[in-house]
Amino acid sequence: MAQVLPESVPRSTPDGIVQETLPSRQFPGIPLFILVFLLVLPGLFAPYLAPHNPIRGSLRARLQPPVWVQGGTITHPLGTDKVGRDILSRIIYGARISLAVSLVAILVSGVIGTALGLMAGYFGGRLDALIMRLVDISLGLPVILLALVFVAAIGASFITVVVVTTVLLWARYARQVRGETLSIRERDFIARARVAGASHFRIMLRYIFPNVINTLTVLATLQIGAVILLESALSFLGAGIPRPTPTWGSMIADGRDLIVVAWWIAMFPGLAIMLTVLSLNLLGDWLRDRLDPKLRNI
Amino acid sequence: MTRHIGDVILQVDDLHTYCFTRWGVVKAVDGVSFALRQGETLGIVGESGCGKSMTALSLLRLVPRPVARIVQGRVLLQGENLLDKSEREMRHIRGRRLSMILQDPQTSLNPVFTIGNQLLEAIHIHHKGSPRTLLSRAINALSQVRVAAPERRVEDYPHQMSGGMKQRVVGAIALSCEPHVIIADEPTTSLDVTIQAQYLRLLREIQEETGLSIIFITHDFGIVAKMCDRVMVMYAGRVVESGPVRDIFNHPAHPYTQALLQSVPTMEERPERLYAIEGQPPALWELPPGCRFTARCPYAEARCEQTYPSSFAVGVDHTADCWRLQEA
Amino acid sequence: MQRYIIIRLLQSLLALWVMSLIVFGLARVTGDPIDALLPIEATLEERETIRRNWGLDKPLHTQYLVFLSKAVRGDFGNSWKWQGHTAMGLVLARLPATLELAGVAIAISIVLALPLGVLAAVKKDTLFDSVGKMVALLGQSLPAFWLGIILMWIFAVMLGWLPTSGRGGISRLILPAVSLGWFQVAVIMRLVRSAMLDVLDSEFVKLTRVKGLSEWKVIWKHCLRNAAIVPLTYFAINAGVLMTGSVVIENVFVWPGTGRLALEAIQARDFQVVQAIVIIFATVFLFANLIVDILYAYLDPRIRYQ
């Protein structure tokens, strides 16, 4: 959660007494724990962790409630869906998609956004104006609709999801990196590098880029949550990774029609999304306080 | 026109205002006492961070809460202790009897309301009356601070005015309800020199017209010489020397005051801040037990570090806190 | 002021134009545009008609100009799925439902978020503030469509207080509007809080206190008016997000708006309707931005007099 006054920044009171307050956030141990056990481990080792096949269910075991509800069994701890697939196994496999989509999307948009942001900030002038206009436009695009158009035109796939997400995200990186570059550009060591004959490319890569890594780390952490939310919304609408691949969003979509008889189908994947995104946000806040307290509202 | 200086109107006894921070207790104001007479101008001088502004805010009971708290002392305005008043009673005193001109005219006015609105608001709190009489009062207040064409100016937004003009408006707001005492907290720091001089002259004229008492907070001895009758030098939350302006200029008794006066090169070319003294004031959350100026004092002795000096009279109404004066 | 609004208008038009390029381009970059424009079941005859109607035998830039000139007049062709209707007609018929939903969601989010954000700032570092922070954090981590389903489960299925879906009457509006507005509540509350904290620290607030103004007026008149500017800028950015969020929520609650139409059209590969929806949404977004700009200028005289 972004606050305009990060706890670690000194606020001056009358008479210039600096009212220093230490970063009050604790190390986000629980969020990290949740992330590891809900996103990273299942995402990497789904086949070894999932107790059942996520795609093929047995019709005999359909619509079983979770184990603690009457009629539930330990075989399917979180219950089964309408074709008898194990909810827990599907959530574990669903983490793969969330993890893969968010990492690829963050990486692609991060590289594009950072490169364009560096160039805009470093060269300035017309190139800067052009890139910033593109940033404005892309931030103003109705993302989900755009995604739906993509899907209507070229069909739903992993690539579609990544492309759509990238269209949205690169602009935030570009804007942030440009802002930082503008101020770094004026610093002495850049002038020295220039005098020493370093090429523009080299200055951007070796001198400016290392100074924006902190910002990028914070931004990326906070954005992973946004990507997971977006991916799940697309999957929910049937515009994400095509079935029968289990995704958290499409599982919720399955559960929507059965909410009257089987609440658990929609409940658990939703909790998975919520806990993951919440943890990412907490982690991102902590990182921001640590690495880059001047970052606001992102 | 000479000014008539009357009875004591504001008396401050042993005022302590502390800030409770994560680092510990910051003793921003640590035992300040003084008296202000009717029609008099009292200067409070010191480096930034010495507790001048915190003293001013304490008088109005507007210290930044919940960090800062007035922990001890009395503030007697016309015999009534303001520290005993309820918040509601204080609101009737602020603006009406005790008012303040803030440091930075660029940020002291709310950018989204017209100055007329902000002025009327101040008047409306303390005076009832038809919109027309209130408006004419507002226009009067503006003309009192020599704003040209005040009846048109009331429609303006702050960003449409120059810095000097804004500061006049801030002054008009502070003066609009005819307070008895006004605190001017470095009102001219952000103005350029000519505007500064005009503004100071204006304050003097208003004082002569109304018999106002002024507490003038500044770090600039040049302004003190022009404006004040008496002056009080603050260092690290305490008053180290106080007395009539002429006395202090001619015979500064405290080493800090001497250093301050030496650091004023000439009356014409004043430094923005008093950087000329070697070293830094002590951190207010780890004050030494003795004299707070010890670390920077050229005459420091062992006892200065041990115990805080008592006040010694050096002249009529002129005292200073320094062990060196004991022998004299 | 006028210049400012004109510039913003031009920017929005530029964004709209880019959208039209994307919409036009997407139908064509993927091989034979006919495949994208028509469902697979389309007959050869239909293909030929469309090819002639859209002038697909002509060069690309001519095609685009034809598309653009028709689009400007609101002509996106006939719907494939809903025979006998124009794409634009379908969208316009469904638009009021979406605007109603989005409008109520905005109203809910403002009515809740403004006072909560202000109070959180005034009562900084108290229990109220911490709870508020938690609510805001949760609000930003919940998928809106899931929240909708869970609310539906609790209030419609379990408690039976409200109907599950459809449109008509306030009772059917509550759940979708709350689900749609929830995220906005979280974001606006957070923005108001931080903006208020900045304002509360400012000199002019000190001056209002020096004047003897009551704390109530200091906060709700002087601070809020300044602090409101920040969330308002956010709103301009997110008017589009809200519109698209309605796509998801409308599908959860079977709300007969454009969002629902969009999904139905996509499932039927009715590209004309999809195009019309995207352009209409972009236009609504443009208007929302313009309204926000005007409001913004109203709130901040420094812009008004530029």
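Just so you know, these numbers come straight off a predicted model, no measurement behind them. (Residues numbered from 1 in each chain as written. Chains lettered and ligands numbered in written order. Predicted model: local features only at pLDDT ≥ 70, side-chain atom pairs only at ≥ 80, totals over all residues. Heavy atoms only, no water.)

A. Quick look at the overall build of chain B. Along the backbone of chain B there are 13 helices and 12 strands. For a compact globule of 328 residues, the expected C-alpha radius of gyration is about 20 Å, and chain B comes in at 20 Å, within 12% of that figure. With the principal axes as the frame, chain B shows a C-alpha extent of 65 × 45 × 40 Å. Counting across all 328 residues of chain B, residues that qualify as buried make up 56%. When contacts within chain B are restricted to residue pairs at least 6 apart in sequence, long-range pairs at least 24 apart make up 66% of them. Accessible surface, chain B: about 14000 Å² in total, of which carbon and sulfur atoms supply 50%. If the 35 positive side-chain charges of chain B are averaged to one point and the 36 negative ones to another, these points end up 6 Å apart. (Helix = DSSP H or I, 4+ residues; strand = E, 2+ residues; numbered from the N terminus. Rg over C-alpha atoms; globule rule 2.2 N^0.38 Å. Buried < 20%, exposed > 50% of the residue type's maximum accessible area, 1.4 Å probe, protein only. Contact = heavy atoms within 4.5 Å. Areas by Shrake-Rupley, 256 points an atom, 1.4 Å probe, with all protein chains shown as cover. Lys, Arg positive; Asp, Glu negative; His and termini not counted. Charge placed at Lys NZ, Arg CZ, Asp CG, Glu CD.)

B. Region of interest: the overall build of chain A. A tally of helices and strands in chain A yields nine helices and two strands. Summed over all atoms, the accessible surface of chain A reaches about 12600 Å², with 64% contributed by carbon and sulfur.

C. Geometry of the interface of chain A and chain C. Counting residues at the interface gives 45 residues for chain A, matched by 51 residues for chain C. With both sides pooled, the region where chain A packs onto chain C buries about 4600 Å², and carbon together with sulfur makes up 77% of that total. On inspection of chain A and its partner chain C, the count reaches zero salt bridges. Elements with a contribution of two residues or more to the side of chain A that touches chain C: helix H3 (125-140), helix H4 (143-154), helix H7 (200-236), helix H8 (248-257) and helix H9 (264-291) of chain A. Class assignment for the residues of the side of chain A that touches chain C results in 34 nonpolar, six polar and five charged. (Buried area = accessible area lost by both parts, 1.4 Å probe. Salt bridge = Lys/Arg side-chain N within 4 Å of Asp/Glu carboxyl O. Nonpolar A, V, L, I, M, F, W, Y, C, P; charged D, E, K, R; others polar.)

D. Here's a closer look at the nonpolar core. With 130 residues, the main nonpolar core has Leu148(A), Phe236(A) and Val273(C) as its most contacted residues. Sorting elements by how many residues they give to this core places H7(A) first, with 15 residues. What Phe236(A) contacts, discounting residues up to four positions off in sequence, is Gly249(A), Ser250(A), Ile252(A), Ala253(A), Phe145(C), Ile149(C), Val248(C) and Val252(C). Judged by nonpolar contacts, the second largest core, of 94 residues, contains Ile9(B), Val67(B), Ile123(B) and Phe221(B). (Core = buried A, V, L, I, M, F, W, Y, C linked by side-chain atoms within 4.5 Å.)

E. How the structure looks around the packing of aromatic side chains. With the rule as written, the count across this model stands at 16 aromatic pairs over all chains. Aromatic pair Tyr122(A) and Phe123(A): ring centres 5.0 Å apart, planes at 80°, arrangement edge-to-face. Residue classification places Tyr122(A) among the buried residues on the basis of a relative accessible area of 6%. Ring geometry for Tyr235(B) against Tyr256(B): centres 4.5 Å apart, planes inclined by 55°, an arrangement best described as tilted. Taken as a pair, Tyr235(B) in strand S9 (residues 230-235) and Tyr256(B) in helix H11 (residues 255-262) lie far apart in primary sequence, 21 residues in all. For the pair Tyr235(B) and Tyr256(B), a shared accessibility class is recorded, and that class is buried. Here the aromatic cluster, defined as three or more aromatic residues joined through ring pairs, consists of Trp68(A), Trp263(A), Trp264(A), Phe268(A) and Trp153(C). Just above the ring of Tyr308(B) sits the side chain of Arg238(B); from NZ or CZ to the centre is 4.2 Å. (Phe/Tyr/Trp six-rings, centres within 6.5 Å; stacked < 30°, edge-to-face > 60°. Lys NZ or Arg CZ within 6 Å of the ring centre and 35° of its normal.)

F. Local environment of the confidence of the model for chain B. For chain B, the mean per-residue pLDDT works out to 85, and 94% of the residues sit at or above 70. Predicted complex metrics record ipTM = 0.79 and pTM = 0.75. (pLDDT = per-residue confidence, 0-100.)

G. How the structure looks around the sheet that holds strand S12 (residues 318-321) of chain B. All names here are of chain B. Ordered in space as S6-S7-S8-S3-S9-S10-S12-S11, the eight strands form an open sheet in which the pairing is mixed. Of all strands in the sheet, those bounded by a partner on one side alone are strand S6 (98-101) and strand S11 (311-315). For this sheet, the mean angle separating the axes of adjacent strands, direction not counted, is 20°. By the bridge criterion, six bridges tie S9 to strand S10 (residues 238-244) in an arrangement that is antiparallel. Within S10, the residue paired with Met-234 across the bridge is Val-239. (Pairing = 2+ DSSP bridges. Axes fitted to C-alpha atoms, helices over the stretch in contact; angles between N-to-C directions.)

H. Broad picture of helix H4 (residues 60-72) of chain C. All names here are of chain C. With 13 residues, H4 ought to run about 18 Å at 1.5 Å a step, and its terminal C-alpha atoms sit 18 Å apart, in line with that. Among the residues of H4, those classed as buried are Gln-63, Tyr-64, Phe-67 and Ala-71. End-on view of H4: buried residues confined to an arc of 95°, all on one side of the axis. Residues His-61, Leu-65 and Val-72 are exposed on H4 and point more than 90 degrees away from its buried face. (Expected span 1.5 Å × (residues − 1). Arc of directions from axis to C-beta.)

I. The sheet that holds strand S2 (residues 24-37) of chain B, seen in detail. Residues and elements named next belong to chain B. Spatially, the four strands line up as an open sheet ordered S2-S1-S4-S5, and their pairing is antiparallel. Each of the sheet's edge strands pairs with one partner strand only, and the pair in question is S2 and strand S5 (80-81). Those strands touched by helix H1 (residues 52-59) are strand S1 (8-21), S2 and strand S4 (68-77), and its axis lies near 115° from that of S1.

J. Quick look at the environment of Leu134(A). Residues and elements named next belong to chain A. Along the chain, Leu-134 turns up in helix H3. Judged by its relative accessible area of 42%, Leu-134 is partly exposed. Linking Leu-134 and Gly-79, residues 55 residues apart in sequence, is a C-alpha distance of 47 Å.

K. Just the pairing of S1(B), in detail. Residues and elements named next belong to chain B. Among the 14 residues of S1, 10 are classified as buried, and the element is accordingly described as predominantly covered. Pairing of S1 with S2, which is carried by 11 bridges, proceeds in the antiparallel orientation. Looking at the pairing, Val-8 lines up with Arg-37 of S2. Both S1 and S4 contribute to a ladder of eight bridges, which runs antiparallel. Looking at the pairing, Leu-10 lines up with Leu-77 of S4.

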